[in-house]
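For reference, the chains in residue letters:
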Amino acid sequence: MNREVTLPLIVDDRGNLQVAASDVSKLLRTVGGRWLRLVETGEQELDEDTVAALTIELAKLADRIDVACIAHSSGAP
């Protein structure tokens, strides 16, 4: 299954990004990690399989953002 995700980015009136892609990918990984810790500690009644699946998807999205940024900065098409 091919799913495309488009993230709107906040730019100022000169076209400069206001949120760094590295911050977005770090946030995605952090959210997933915190969910996993909640499951491990039992603080919340969360379904372990669902949290694992969501965390994996967040990590994949973060990876895609990182790869796209690397490709962009290296001039790759």
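Residues numbered from 1 in each chain as written. Predicted model: local features only at pLDDT ≥ 70, side-chain atom pairs only at ≥ 80, totals over all residues. Heavy atoms only, no water.

Per an unreviewed UniProt entry, the chain carries the name DUF6213 family protein and comes from Streptomyces pyxinicus.

## Some points on the side chain of Ser25
Threshold: Secondary structure elements are defined from DSSP: runs of H or I of at least 4 residues count as helices, runs of E of at least 2 residues count as strands, and each element is numbered from the N terminus. Each residue's exposure class comes from its accessible area (1.4 Å probe, protein chains only) as a fraction of the maximum for that residue type: buried when under 20%, exposed when over 50%, partly exposed otherwise. Here a polar contact is taken to be a pair of N or O atoms separated by no more than 3.5 Å, where protein atoms must pair a possible hydrogen donor with a possible acceptor and residues adjacent in sequence count only if both atoms sit in side chains. Any two residues whose heavy atoms approach within 4.5 Å at even a single point are treated as in contact.
By secondary structure assignment, the location of Ser25 is in helix 1 (residues 21-41). By relative accessible area, Ser25 is classed as buried at 4%. A polar contact of 2.9 Å, which involves the side chain of Ser25, links it to the side chain of Asp66. Among all residues touching Ser25, those that are not within four sequence positions of it are Ala62, Ile65 and Asp66.

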